[in-house]
Amino acid sequence: MTSIIGPILVYLAAALAVILPGYGSAKVVGKLGQIASGIMAEDPTMFGKLLILQALPGTQGIYGLLGWFMIMNHSGMLGGSVALTPQQGLLFLLASLPIAFIGLLSAFHQGNVAEGGMALVTKHGHTSGNAIVLAVMVETYAILALLATILGVLSIAV
Amino acid sequence: MAKMTILGAREDQDEVLDSLMRSGAVEIVKNNELDDERKVSTVTIDNVDLRVRLSRTIAVMQRRFPEAKRLSIQKLPVKEKDFLFTDKEENELRALVSRFEGHLEQEEAIAAKLSRLEQQIEQLLPWQDIPVDLSQHETARTKLIYGIFMDALSFESFESDLRRDYPLATSFFLEEEGLFPAKVAVVSLDEQLAGVRARLSSYDFHEIPKLPFSGTAKATILSIQREIEEEQENKQKLDQELEAMADECGRLMTYHDYLLVRSDHRLAGEEIHELDYTFFLQVWVPKTQASDMGRELSERFDIAWISEDPKEGEETPVKLENNKIFRPFEVILEMYGAPSSHEVDPMPVMAPFYMILFGMMLSDVGYGAMLMLGTAYMLFGRKVEGNTRQMSMMLFISGISSVIWGFIFGGFFGDMLTAVTMGKVNFPALWFNPMDSPVQLLLFSMVFGVIHLFFGLGLHIRNEKMQGNLIGGLADSVTWYLIIPGLGLMLSAGAIAEQPSTVELLKQVGQWLVIGGAAFGLIFAGHGIKNPFKRLIKGLGALYGITSYLSDILSYARILALVLATSVIATVVNMLGMLVGPSFIGYIVFALIGAFGHTLNLALSALSAFVHTSRLQYVELFGKFFVGGGSFWNPLSRRTKYIRIEDDTSSN
């Protein structure tokens, strides 16, 4: 029985890393898509600028997948090995927490900034660069969380 | 930039403005006081209105007729002498636009009518074998209702209702009996019609719609079909006439741009100060061109001019001048905003670092090559112009950089070679593979970030020097030039050298660098402040800036995250592709999944690389020196949308 607790925890860690940021990204990108369609109903030429803003909070989902891969790869699960102790499994679970939670939360916050950016770009088309940068400021913390997860995962001895 | 003041006679005003527009070398000094009270004249509104109609007409022509579409691929070359319209020609073109719009409206009406007729046929089709005049709804004393009973049960219940309540009414099958849905004619006395209808409506019965025809369904269908044919002929005729009008598309495009230039001309004219017999206006001219421009104008017109340097502290328009490789990257700066005219052009630092950082983030030979192919098509195939051209050129150059970094980090569509050959062949990395040693890349990213920031500080020194505050600039920069490498040495001495004595020495060097830097900051940060106490406080405040440096440097860790994101997703795509295994079908599956997955990954990763490289420039680099607040050089010129004006002489 104890022999499967380790692998289960690792799978849980990997799943959390994908599920939470993925959920955040999907929800926010969906909301921004609706707003963008509304704006485009007035002015279809805005598509390019709006698309970039919509895509920005989508990166958290990608970082989540990246976290999943690092966990699965480093634990050897991707290669089919399941020989992990419960302690190791727990460490993987803890290491996945930064990207799981900050990925989720930063997607929401970045979405809010991107939403404001869409309003800005609609009024002043030439400010799209500034709107993008304002939204990207939030993403920094998702990146830092991803780094914490990656470095944390790599430091676990397998 | 020099400020040129031109004074001339009123009758020359338009022509002087026209030749300034042609030169494309001056920007009018805006008269800000006018802005509030400026009213939009009806002439301007008419001009805009006509231009909108023209663009719409041109768009329709180019969408529908290949002859006109060909004109849209590139800007249409137009001779100078053809870029002029007499009143008669203008009226003709306006009439043409109106006729075109009228034709489009007619066409729409015909299309609506056609779809209505086709709908009617659709409704009549099931009835075409019934040899009864369906428009015959009454006789002298009875009314007739035609329709369809969907099932036997409703029909039978209806029949029994009739027998009970209205024995004089009856119903007939119009086709073979017993087949449902069944077409039925219901006959009732005039005065009972309402009651029978009420019964009918409670069953699954669909009455045939009333049609504006008489005769059997078959005859009606035939007559509708004839009408459709007629309308289609009309439509074809309209289409031919529209196509004939589209021959004038080039002329319309020229006219649109002519109106655009005229509108700009009028707007520029509003900035001119008009007196009773003379006018004067002020323009910014690049210093080197000022005297030539003045001489040329005074030869042709009766004008007086002077050119003077801008006053101390006065903002002038910012005209960036960079070589061919750096110029495309100006788009990035334009997205951020213009630098002040009192600071150095950041492009010489920004452009090369943009190339390098973008290349690192999208470090993949395959993706870089795809990006190059895509942008090369935009540049040389479609020959895009303006901002899109600059953007494509910038991405093309960044694509080259991605290919180079792809070789350095050993990425070709992720690990495609390894995946396809089941591990027999590996794409070699010239330096190291970030997937194997991410920590190494993390450190390298930060070291690279420090270099990037130091270049930014270099620009800061130059800016301060231009302002005559060299010592202040040095105080802000040299402190960090010493402290950051010093801290780096202290932290990483163990990793750089192996022998304990060397490690100790490196640590010592680092320590002294830090102390030296801190001392420099403490002494010089408050340069110019007399009170020693205040000066010390200022120095301490400057040293507190270390926190911002730490966060700036950490920010470069995103390079590692993005490198890994690109290659990990590529790896996942390859892994999914090879699930079927190395067989013939397996490779087909791989090609399909690969084509889809890698294109998607390229789009996402290139977007990320673009966005995050921009951010590193805007926030981290610009934060070190950028003043901003200027406005970009926006010379008065003949702005065109569809055409390119050619000199009469050059093309002969």
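Bear in mind that the values here come from a model prediction, so they are computed numbers and not experimental data.

J.: Can you help me understand the overall build of chain B in this one?
T.: Within chain B, the secondary structure is distributed over 23 helices and 11 strands. Its C-alpha atoms give chain B a radius of gyration of 39 Å, more than 25% over the compact-globule value 26 Å for 652 residues. Its C-alpha atoms give chain B principal-axis dimensions of about 120 × 85 × 55 Å. Among the 652 residues that make up chain B, the fraction classed as buried is 46%. Restricting the contact set of chain B to residue pairs at least 6 apart, pairs at least 24 apart contribute 79%. For chain B, the exposed area adds up to about 33,900 Å²; of that, 58% sits on carbon and sulfur atoms. Between the averaged position of the 61 positive side-chain charges in chain B and that of its 83 negative side-chain charges there is a distance of 4 Å.

J.: Where do I start with the overall build of chain A in this structure?
T.: The helix and strand inventory of chain A stands at five helices and zero strands. When the helices and strands of chain A are placed in sequence order, the string is α-α-α-α-α. Considering only C-alpha atoms, chain A reaches an extent of 60 × 25 × 20 Å along its principal axes. Classification of the 158 residues of chain A by burial places 47% in the buried group. A separation of at least 24 residues holds for 86% of the contacts in chain A among residues at least 6 apart in sequence. When the accessible surface of chain A is summed, it comes to about 6,900 Å², and 72% of that surface belongs to carbon and sulfur atoms. Seen as two clouds, the 4 positive and the 4 negative side-chain charges of chain A have centres 5 Å apart.

J.: Whenever I open this one, the packing of aromatic side chains confuses me. Can you help?
T.: Residue and element names in this part refer to chain B. Going through the model one piece at a time under the given rule, you end up with 35 aromatic pairs over all chains. A centroid spacing of 4.6 Å and a plane angle of 10° characterise the contact between phenylalanine 622 and phenylalanine 626, whose relative ring orientation is stacked. Assigned by exposure class, phenylalanine 622 and phenylalanine 626 land together as buried. Between the aromatic rings of phenylalanine 625 and phenylalanine 626, the centroid separation amounts to 6.2 Å while the plane-to-plane angle is 70°, which identifies the pairing as edge-to-face. Given the relative accessible area of 5%, phenylalanine 625 is considered buried.

J.: What is the right way to read helix H4 (residues 86–123) of chain A from this model?
T.: In an α-helix, one full turn covers 3.6 residues, which means residues spaced three or four apart are oriented alike. Taking 1.5 Å per residue as the helical rise, H4 of chain A with its 38 residues ought to reach 56 Å, and the 56 Å between its terminal C-alpha atoms agrees with that figure. A bend of about 35° at serine 96 of chain A is the largest found in H4 of chain A, and the proline proline 98 of chain A appears one to four places after it.

J.: Before we go on, may I ask you to explain the side chain of threonine 479 of chain B in this structure?
T.: All names here are of chain B. Residue placement: threonine 479 occurs in helix H17 (residues 470–496). At a separation of 2.5 Å, a polar atom in the side chain of threonine 479 contacts the main-chain carbonyl oxygen of alanine 475. Setting aside residues up to four positions removed in sequence, threonine 479 forms contacts with Leu474, Gly517, Phe520, Gly521 and Leu543.

J.: Just to check I follow, could you spell out the interface of chain A and chain B for this structure?
T.: By convention, interface size is frequently given as the accessible area that disappears when the constituent parts associate. Opposite the 26 residues of chain A that make contact, chain B presents 27 residues. Summed over both partners, the interface of chain A with chain B comes to about 2,200 Å²; 86% of that surface belongs to carbon and sulfur atoms. For the chain A face of the interface with chain B, the top three residues by lost area are Ile62, Phe69 and Leu147 of chain A, together amounting to 20%. Put simply, chain A and chain B have zero salt bridges between them. For the interface between chain A and chain B, the tally reads three residue pairs in polar contact (both at pLDDT 80 or more). Elements that contribute at least two residues to the side of chain A that touches chain B include exactly helix H2 (47–55), helix H3 (59–74) and helix H5 (128–154) of chain A. Broken down by element, the residue count for the side of chain A that touches chain B peaks at 15 residues, all from H5 of chain A. For the side of chain A that touches chain B, the residue count by class is 20 nonpolar, five polar and one charged.

J.: Any chance you could explain the pattern of salt bridges here in plain terms?
T.: A side chain of one charge can pair with a side chain of the opposite charge if their charged atoms are brought near each other. All names here are of chain B. Under the counting rule described, the total for this entry stands at 30 salt bridges over all chains. Between glutamate 80 and arginine 22 there is a salt bridge, with the nearest N and O atoms lying 3.1 Å from each other. With glutamate 80 in the loop between strand S3 (76–79) and helix H5 (87–124) and arginine 22 in helix H1 (residues 13–23), this residue pair connects regions lying 58 residues apart in the sequence. Here arginine 141 ties to glutamate 191 by a salt bridge, and the two come within 3.8 Å at their closest N and O atoms. One end of the pair, arginine 141, is in the loop between H5 and strand S4 (142–149); the other, glutamate 191, is in the loop between strand S6 (182–189) and helix H7 (193–201), with 50 residues separating them in the sequence.

J.: Could you clarify how one ought to interpret the pairing of strand S9 (residues 278–285) of chain B in this entry?
T.: In summary, the side chains of a regular strand alternate between the two faces of the sheet. Residue and element names in this part refer to chain B. In the sheet, strand S1 (residues 2–9) pairs with S9 via eight bridges, with the strands oriented antiparallel. What sits directly across from glycine 8, in S9, is phenylalanine 279. Where strand S2 (residues 27–28) meets S9, two bridges bridge the pair, whose relative direction is antiparallel. Looking across to S9, one finds that glutamate 27 is bridged to tryptophan 284. Two strands pair when backbone bridges link them, and strand S8 (residues 273–274) and S9 are joined in this way by two bridges, in the antiparallel orientation. From the neighbouring strand, glutamate 274 faces S9, where its bridge partner is phenylalanine 279. The antiparallel pairing of S8 with S9 creates a hairpin that spans three residues between the two strands.

J.: Mind showing me how you'd approach the packing of helix H16 (residues 438–466) of chain B against helix H22 (residues 584–625) of chain B here?
T.: If you want to describe how two helices pack, look at the angle between their axes and the distance between the axes. Residue and element names in this part refer to chain B. It is at 7 Å that the axes of H16 and H22 come closest, and there the two elements cross at 40°. Classified by the interaxial angle, the pair formed by H16 and H22 is oblique. When the axes of H16 and H22 are compared, the crossing they make is right-handed. On the side of H16, the interface is formed by His452, Leu453, Gly456, Leu457, Leu459, His460 and Asn463, while H22 contributes Leu616, Gln617, Glu620, Leu621, Lys624 and Phe625. In the contact of H16 with H22, the residues fall into six nonpolar, five polar and two charged.

J.: Would you mind showing me how to read the sheet that holds strand S7 (residues 205–207) of chain B here?
T.: Backbone-to-backbone hydrogen bonds join strands into a sheet, with any given pair of strands oriented parallel or antiparallel. All names here are of chain B. As summarised here, the arrangement of the four strands in space is S5-S6-S4-S7, forming an open sheet in which the pairing is antiparallel. Taken across any chain shown, the strands that pair with only one partner, and hence form the sheet edges, are strand S5 (170–173) and S7. Mean inter-strand twist for the sheet, computed between neighbouring axes without regard to direction, equals 35°. The pairing of S4 with S6 spans eight bridges and is classified as antiparallel. Residue pairing in the sheet places glycine 147 in a bridge with valine 184 of S6. Packed on one face of the sheet, H7 meets S4, S6 and S7 and runs near 5° to S4.

J.: Explanation requested: the packing of H5 of chain B against helix H9 (residues 249–269) of chain B in the structure shown.
T.: Residue and element names in this part refer to chain B. Contact geometry for H5 and H9: axes closest at 11 Å, N-to-C directions at 115°. In the packing of H5 onto H9, the handedness of the crossing is left-handed. Between H5 and H9, the contacting residues are Glu89, Glu90, Leu93, Arg94, Leu96 and Val97 on the first element and Arg251, Leu252, Tyr255, Tyr258 and Arg262 on the second. Among the residues forming the contact of H5 with H9, the class breakdown is six nonpolar, no polar and five charged.

J.: What should I look at first to understand a nonpolar patch on the surface in this one?
T.: Residues and elements named next belong to chain B. Among the surface-exposed residues, Leu576, Leu579, Val580, Phe584, Ile585, Ile588 and Leu592 lie close enough to one another that they form a single nonpolar patch of about 780 Å² accessible area. Among the elements that line the nonpolar patch, the one with the most residues is H22, at four residues. With respect to the element layout, isoleucine 585 can be found in helix H22.

J.: Quick question: what am I supposed to make of the pairing of S1 of chain B here?
T.: Residue and element names in this part refer to chain B. The buried count for S1 comes to seven of eight residues, which makes it a mostly enclosed element. With six bridges joining them, S1 and strand S10 (residues 303–308) adopt antiparallel strand pairing. Its bridge partner being in S10, lysine 3 is matched across the sheet by glutamate 308.

J.: In this structure, what is going on with the nonpolar core? I would like to understand it.
T.: Buried together is how nonpolar side chains tend to be arranged in soluble globular proteins. Among the nonpolar cores identified, the biggest contains 116 residues, and Ile71 of chain A together with Phe329, Ile559, Phe610 and Phe622 of chain B are the most heavily contacted of them. With 12 residues, the single largest contributor to this core is H22 of chain B. Among residues more than four places away in sequence, those in contact with phenylalanine 329 of chain B are Met347, Met350, Ala351, Tyr354, Met355, Met394, Ile397 and Ser398 of chain B. Grouped together as the second largest cluster of nonpolar side chains are 49 residues, Val26, Ala68, Val78 and Phe301 of chain B included.

What counts, and where the lines are drawn
- Residues numbered from 1 in each chain as written.
- Chains lettered and ligands numbered in written order.
- Predicted model: local features only at pLDDT ≥ 70, side-chain atom pairs only at ≥ 80, totals over all residues.
- Heavy atoms only, no water.
- Helix = DSSP H or I, 4+ residues; strand = E, 2+ residues; numbered from the N terminus.
- Rg over C-alpha atoms; globule rule 2.2 N^0.38 Å.
- Buried < 20%, exposed > 50% of the residue type's maximum accessible area, 1.4 Å probe, protein only.
- Contact = heavy atoms within 4.5 Å.
- Areas by Shrake-Rupley, 256 points an atom, 1.4 Å probe, with all protein chains shown as cover.
- Lys, Arg positive; Asp, Glu negative; His and termini not counted.
- Charge placed at Lys NZ, Arg CZ, Asp CG, Glu CD.
- Phe/Tyr/Trp six-rings, centres within 6.5 Å; stacked < 30°, edge-to-face > 60°.
- Expected span 1.5 Å × (residues − 1).
- Bend = angle between axes of the 7 residues up to and from the residue.
- Polar contact = N/O pair within 3.5 Å; in protein donor to acceptor, adjacent residues only side chain to side chain.
- Buried area = accessible area lost by both parts, 1.4 Å probe.
- Salt bridge = Lys/Arg side-chain N within 4 Å of Asp/Glu carboxyl O.
- Nonpolar A, V, L, I, M, F, W, Y, C, P; charged D, E, K, R; others polar.
- Pairing = 2+ DSSP bridges.
- Axes fitted to C-alpha atoms, helices over the stretch in contact; angles between N-to-C directions.
- Parallel < 35°, antiparallel > 145°, perpendicular 65-115°, else oblique.
- Left-handed = near helix turned anticlockwise from the far one by under 90°.
- Patch = residues over 30% accessible without salt bridge, like charges linked within 9 Å, V, L, I, M, F, W, Y side chains within 5 Å.
- Core = buried A, V, L, I, M, F, W, Y, C linked by side-chain atoms within 4.5 Å.

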